[in-house]
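# What the coordinates show
These are the residues of each chain, in order.
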Amino acid sequence: MKTLAVAFINAAFLCLALVARADLTIEITQGSDNPTAIALVPFAWQGSGTAPEDVALVMESDLARSGQFAPVARTDMLGLPSTQAEVFYRDWRALETEYLLIGKASPAPNNGMRLDYELFDVLRQTRVFSGFESGPASDARMLAHRVSDKIYEHLTGVRGAFATRLLYVSVTRGGAGNKDYYRLTMSDSDGARPIVLLESREPLLAPTWAPDAVQIAYVSFETGRPAIFRQDLATGKREQLTNFKGLNSSPAWSPDGKTMAMVLSKDGNPDIYLMDLATRQLTNITNNFAIETEPTWMPDGKSLLFTSDRGGRPQIYRYDLASKATNRITYEGKYNARARVAQDGRNVVLVHQQEGNFHIAVLDLVTNRMQTLTSTALDESPSIAPNGSMVLYATKLGDRGILAAVSVDGGAKFRLPSREGDVREPAWSPFLSTK
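Residues numbered from 1 in each chain as written. Predicted model: local features only at pLDDT ≥ 70, side-chain atom pairs only at ≥ 80, totals over all residues. Heavy atoms only, no water.

What follows deals with the pairing of strand β21 (residues 303-308). Moving residue by residue along a regular strand, the side chains alternate between the two faces of the sheet. In terms of burial, β21 is a largely internal element, six of the six residues being buried. The alternating pattern of β21 places Ser303, Leu305 and Thr307 and Leu304, Phe306 and Ser308 on opposite faces, both of which are buried. By the bridge criterion, four bridges tie strand β20 (residues 292-297) to β21 in an arrangement that is antiparallel. Of the residues in β21, the one forming a bridge with threonine 293 is threonine 307. Between β20 and β21, which pair antiparallel in sequence order, lie five residues; one of them, glycine 301, sits at a positive phi of approximately 75°. Pairing of β21 with strand β22 (residues 315-320) involves six bridges; the strand directions are antiparallel. Looking at the pairing, leucine 305 lines up with arginine 318 of β22. With antiparallel pairing between neighbouring strands as the criterion, β21 and β22 make up a hairpin whose turn holds six residues, including glycine 312 at a positive phi of roughly 110°. (Buried < 20%, exposed > 50% of the residue type's maximum accessible area, 1.4 Å probe, protein only. Helix = DSSP H or I, 4+ residues; strand = E, 2+ residues; numbered from the N terminus. Pairing = 2+ DSSP bridges.)

Have a look at this one:
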């Protein structure tokens with residue numbers, strides 16, 4: 001078992017990405033209808049030598065995979081302006097461009113970097129807004145993601161989620177003694193800069209984020225049976241939270257970070273428990289003959305959703321902490337499981353069985369409308385972006401496990417296959433602090 005100390009923001013630790021083997025690549029497979037045409041001109045580098053990162057290319061990839069934007073090809077650009085005085089709107093209107101982003105990248109003190117940018121409305125021939133981002137030069141990709149977030153929010157009215165991170169488990173088959181290698185990996189939201197947080201010859205499952213994104217939790221079999229661990233990302237320090245006989249699985253942090261829901265079978269059937277993380281006191285909130293599993297919190301922290309077969313087949317139920325009442329919320333289809341809730345508390349993404357296949361679907365809790373988002377056959381482990389716009393999930397491509405994503409309206413889709421091994425169990429981070 002090997003752990004790597006990871007500083008979440010510190011650029012010195014971000015160089016550990018070089019040791020990660022399960023880096024992901026973006027393959028856009030479907031975009032939305034009528035995407036907004038936007039030109040992202042290469043940023044002018046104000047330092048010596050070459051820029052540490054082509055930040056405009058990072059932004060182009062971000063906006064393209066959202067499905068809502070169609071970036072103008074660089075080969076079609078008639079000019080490469082970096083100041084407002086160099087912008088000739090007729091050139092961009094000729095390319096049917098709606099918005100234009102220009103900028104400069106400059107070195108900053110203490111090995112830093114600064115990005116200054118301006119966004120223009122080509123049709124109205126006006127500057128929409130301008131701004132800057134700064135930080136370590138080694139973190140140039142994250143600075144670019146932050147600019148993408150600002151563009152996305154200004155043009156869509158929805159907060160961007162490009163400057164976030166992913167957790168996933170990669171599996172390399174047939175190591176020494178023909179035993180698999182499991183790696184818990186963290187990457188940027190586009191799969192770039194992967195960092196191996198934990199490596200094991202025993203299975204790793206169910207990674208999840210603390211609400212402040214400075215800790216994670218997961219299930220490891222390193223003790224010979226499943227146990228729940230939490231890990232600090234800045235120091236790499238790990239702490240084992242459970243070691244009961246039977247199942248110890250499905251950790252889920254409460255929105256305030258003080259409580260963790262989990263599944264334990266120490267008293268017989270798998271049930272949902274709540275652990276006070278300060279005292280380690282456990283409270284059993286389900287006590288049923290059925291299998292109760294996969295808890296997830298509602299954003300207000302007042303109730304939880306979970307999967308239960310108490311009705312004969314797996315369905316999603318809701319438990320209210322105040323009243324202790326449990327109500328079934330899914331009725332369409334014979335199988336619904338692994339619910340995850342958007343921050344608006346309205347949309348629930350889940351695994352839905354349809355005609356024998358397992359798809360990702362979204363349930364609107366207000367209208368009770370269920371919409372199937374995917375068409376592949378073995379989709380599982382959905383995780384929703386913190387802005388509620390995209391759903392990341394695990395699926396199969398041939399005989400390989402890969403990650404894929406789909407927008408909540410089903411319009412945009414992309415894949416993130418690994419260059420090596422299978423990938424599974426994705427978890428999208430909350431919004432990250434920029435302090």
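With that settled, consider the sheet that holds β22. In spatial order, the strands read β20-β21-β22-β23; together these four strands make up an open sheet with antiparallel pairing. Looking at strand neighbours, the two that pair on one side only are β20 and β23 (326-328), the edges of this open sheet. On average, each strand axis in the sheet is tilted by 30° relative to the strand beside it, whichever way the strands run. (Axes fitted to C-alpha atoms, helices over the stretch in contact; angles between N-to-C directions.)

This part is about the confidence of the model for the chain. Scored by pLDDT, the chain comes out at a mean of 90, with 91% of its residues at no less than 70. For residues 3-22, every residue scores under 50 in pLDDT, and the model assigns this stretch 58 contacts once sequence neighbours within four places are set aside. (pLDDT = per-residue confidence, 0-100. Contact = heavy atoms within 4.5 Å.)

Okay, the packing of aromatic side chains next. Tallied over the entire structure, the rule returns seven aromatic pairs. Ring centres of tyrosine 117 and phenylalanine 129 lie 5.9 Å apart, and the angle between their planes is 80°; this geometry places the pair in the edge-to-face category. Residue tyrosine 117 is found in strand β7 (residues 112-121), and its partner phenylalanine 129 is found in strand β8 (residues 126-136); the two are separated by twelve residues along the sequence. For phenylalanine 129, a relative accessible area of 18% corresponds to the buried category. Over the ring of phenylalanine 244 we find lysine 266, and its NZ or CZ is 5.5 Å from the ring centre. Over the aromatic face of tyrosine 317 sits the side chain of arginine 310, whose NZ or CZ is 5.2 Å from the ring centroid. (Phe/Tyr/Trp six-rings, centres within 6.5 Å; stacked < 30°, edge-to-face > 60°. Lys NZ or Arg CZ within 6 Å of the ring centre and 35° of its normal.)

In this section: the sheet that holds strand β19 (residues 282-284). Strand order in the open sheet formed by four strands is β16-β17-β18-β19, and the pairing between neighbours is antiparallel. The sheet is open, and its two edges are formed by β16 (248-253) and β19, each paired on a single side. Going across the sheet, the axis of each strand differs from the next one's by a mean of 25°, ignoring polarity.

Attention now goes to the environment of proline 255. Topologically, proline 255 is positioned in the loop between β16 and β17 (259-264). Judged by its relative accessible area of 35%, proline 255 falls in the partly exposed class. When the C-alpha atoms of proline 255 and aspartate 180 are compared, they prove to be 34 Å apart, with 75 residues separating the residues in sequence. Apart from residues lying up to four places away in sequence, proline 255 is in contact with Pro211, Trp297, Met298, Pro299 and Gly301.

Grouped together as the largest cluster of nonpolar side chains are 24 residues, with contacts concentrated most on Ile38, Phe43, Val55, Met59, Leu63, Leu101 and Leu115. Of all the secondary-structure elements, those providing two or more residues to this core are β3 (36-40), α2 (55-65), β6 (99-108), β7 and α4 (140-156). In contact with leucine 101, not counting residues within four places along its chain, are Ala39, Leu40, Val41, Phe43, Met59, Tyr117, Glu118, Leu119, Val147 and Ile151. Membership of the second largest hydrophobic core comes to 21 residues, among which are Ala163, Val171, Ala227 and Phe229. (Core = buried A, V, L, I, M, F, W, Y, C linked by side-chain atoms within 4.5 Å.)

Two elements in contact, α2 and α4, have axes whose closest approach is 9 Å; the angle formed by their N-to-C orientations is 50°. If you check the angle between α2 and α4, you find them oblique. The two elements α2 and α4 meet at a crossing, and its hand is right-handed. In this structure, α2 contributes Val55, Val58, Met59, Asp62 and Leu63 to the contact, and α4 contributes Ala140, Arg141, Ala144, His145, Val147, Ser148, Ile151 and Tyr152. Residues of the contact of α2 with α4, tallied by class, amount to nine nonpolar, two polar and two charged. (Parallel < 35°, antiparallel > 145°, perpendicular 65-115°, else oblique. Left-handed = near helix turned anticlockwise from the far one by under 90°. Nonpolar A, V, L, I, M, F, W, Y, C, P; charged D, E, K, R; others polar.)

A few words now on α2. An α-helix turns once every 3.6 residues. As a result, residues three or four positions apart point the same way. Taken across its eleven residues, α2 has eight buried, putting it largely inside the fold. Backbone geometry just after α2 places glycine 67 at a positive phi near 85°.

This next bit is on the pairing of strand β31 (residues 413-416). Strand direction decides the pairing type here: strand β30 (residues 400-407) and β31, joined by four bridges, are antiparallel. Paired with alanine 404 across the strands is arginine 415, a residue of β31. Linking β30 back to β31 in an antiparallel pair, the connection comprises five residues, with glycine 410 at a positive phi of about 80°.

Along the chain, serine 303 turns up in strand β21. Ignoring any residue separated from it by four or fewer positions in sequence, one finds serine 303 in contact with Trp297, Met298, Arg318, Tyr319, Asp320 and Leu321. A distance of 3.1 Å separates a polar atom in the side chain of serine 303 from a polar atom in the side chain of arginine 318. (Polar contact = N/O pair within 3.5 Å; in protein donor to acceptor, adjacent residues only side chain to side chain.)

This part takes up the pattern of salt bridges. Taken as a whole and judged by the stated rule, the model has 22 salt bridges. The residue arginine 173 makes a salt bridge to aspartate 422 at a minimum N-O spacing of 3.4 Å. Here aspartate 422 lies in strand β32 (residues 422-428) and arginine 173 lies in the loop between β9 (165-172) and β10 (181-188), a separation of 249 residues in the sequence. With relative accessibility at 48%, the residue arginine 173 sits in the partly exposed group. Given the relative accessible area of 9%, aspartate 422 is considered buried. Connected through shared salt-bridge partners, Asp139, Arg165, Asp188 and Arg193 make up one network. (Salt bridge = Lys/Arg side-chain N within 4 Å of Asp/Glu carboxyl O.)

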